[in-house]
Amino acid sequence: ITSQQAQANDDRALHAIATHYGVNDVLVVSAKLHPDATSGRDALDVSASRIGNAATEESIVTAFAPEANDSDDGAMFDRAVTSIKSRIEESWKQSSLLHFGSQQQIAVTVQLGSIDALTTVMRRLDGLAPIQRVDLVRTSREQADLQLSFVGDAGQLALLLAQRNLSLSQDSGSYTLKPAVGGAGAQR
């Protein structure tokens, strides 16, 4: 995609690149140099937006000034990259912390558009840390009904499922679980 499409958060273009790489979310980072009044050198403003699944969307905006021992702008850019990477990793860790004292169960429906749909979903659920048990309650040609026992809350579960390219949605109190669109590259 073009830089203009990325900066404009063009949904079609961002979805296309996510699909190409087999992921659900993309990170759009913008860095702009501007004169720093204190040092007379360039300073850097950085914004990073994680776009995709609503449960994972976030933005970071921060500024970086040159330091006295910087020989060029490269050191400032390196600090910016390290800082943004660290903040994104920390945000992910915080959103993924499991609260083992809160065990829950939810009933989910898996639409069976193909014979492999249930197998794909079950494989992606296998080994996911918060899920303690998956029970197949009922199955038909059109759908399978599962009971998921897990720790944490439904929002955390949705986030962790998205990382396995599974989409958990709720409509009128009912949950639906399906392989995420663009999740072709997902592994187990």
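The notes below deal with the structure included here. Source: prediction; values computed, not measured.

A closer look at the overall build of the protein chain
Along the protein chain, the regular secondary structure elements total five helices and eight strands. In the protein chain, the succession of α and β elements from N to C terminus is α-α-β-β-β-α-β-α-β-β-α-β-β. Taken over 188 residues, the protein chain has a buried fraction of 37%. Here the analysis covers contacts within the protein chain between residues at least 6 apart in sequence; of these, 53% occur between residues at least 24 apart. Total accessible area computed for the protein chain in this model is approximately 11200 Å², and 51% of it derives from carbon and sulfur atoms.

Section: helix α4 (residues 117-125)
Of the positions making up α4, those classed as buried are Ala117, Leu118, Thr120, Val121, Arg124 and Leu125. Relative to the axis of α4, the buried residues are bounded by an arc of 160 degrees and lie together on one face. Residues of α4 that are buried in the fold lie against β4 (103-111), β5 (131-139), β6 (143-151), α5 (154-163), β7 (166-171) and β8 (174-179). A positive phi of about 80 degrees marks Gly127, the residue just after α4.

Focus: the sheet that holds strand β3 (residues 58-64)
Pairing is antiparallel across the open sheet formed by three strands, whose spatial order is β1-β2-β3. Of all strands in the sheet, those bounded by a partner on one side alone are β1 (26-35) and β3. Sheet twist, expressed as the average angle between the axes of neighbouring strands with direction ignored, equals 10 degrees.

Structural notes on the pairing of β6
Buried residues dominate β6, accounting for seven of its nine residues. Relative to β6, β4 runs antiparallel, the two sharing nine bridges. In the strand pairing of β6, Ala107 is matched with Gln147. Sheet topology note: the β5/β6 ladder contains seven bridges and is antiparallel. Bridged to Arg138 within β6 is Asp145.

Some thoughts on unusual backbone geometry
One can expect most non-glycine residues to show negative phi and most peptide bonds to be in trans. Positive phi is not limited to glycine here, since Asn9 has a value of about 55 degrees. Assignment of secondary structure puts Asn9 in the loop between α1 (3-7) and α2 (11-21). Phi at Asn165 takes a positive value of approximately 55 degrees, unusual for a residue other than glycine. Tracing the sequence through the fold places Asn165 in the loop between α5 and β7.

Regarding the sheet that holds β5
Spatially, β5-β6-β4-β8-β7 is the arrangement adopted by the five strands of the open sheet, whose pairing is mixed. The sheet is open, and its two borders are formed by β5 and β7, each paired with just one other strand. Strand-to-strand, the axes of this sheet are offset by a mean angle of 30 degrees, without reference to chain direction. Those strands touched by α5 are β4, β5, β6, β7 and β8, and its axis lies near 145 degrees from that of β7.

Rules behind the numbers
- Residues numbered from 1 in each chain as written.
- Predicted model: local features only at pLDDT ≥ 70, side-chain atom pairs only at ≥ 80, totals over all residues.
- Heavy atoms only, no water.
- Helix = DSSP H or I, 4+ residues; strand = E, 2+ residues; numbered from the N terminus.
- Buried < 20%, exposed > 50% of the residue type's maximum accessible area, 1.4 Å probe, protein only.
- Contact = heavy atoms within 4.5 Å.
- Areas by Shrake-Rupley, 256 points an atom, 1.4 Å probe, with all protein chains shown as cover.
- Arc of directions from axis to C-beta.
- Pairing = 2+ DSSP bridges.
- Axes fitted to C-alpha atoms, helices over the stretch in contact; angles between N-to-C directions.

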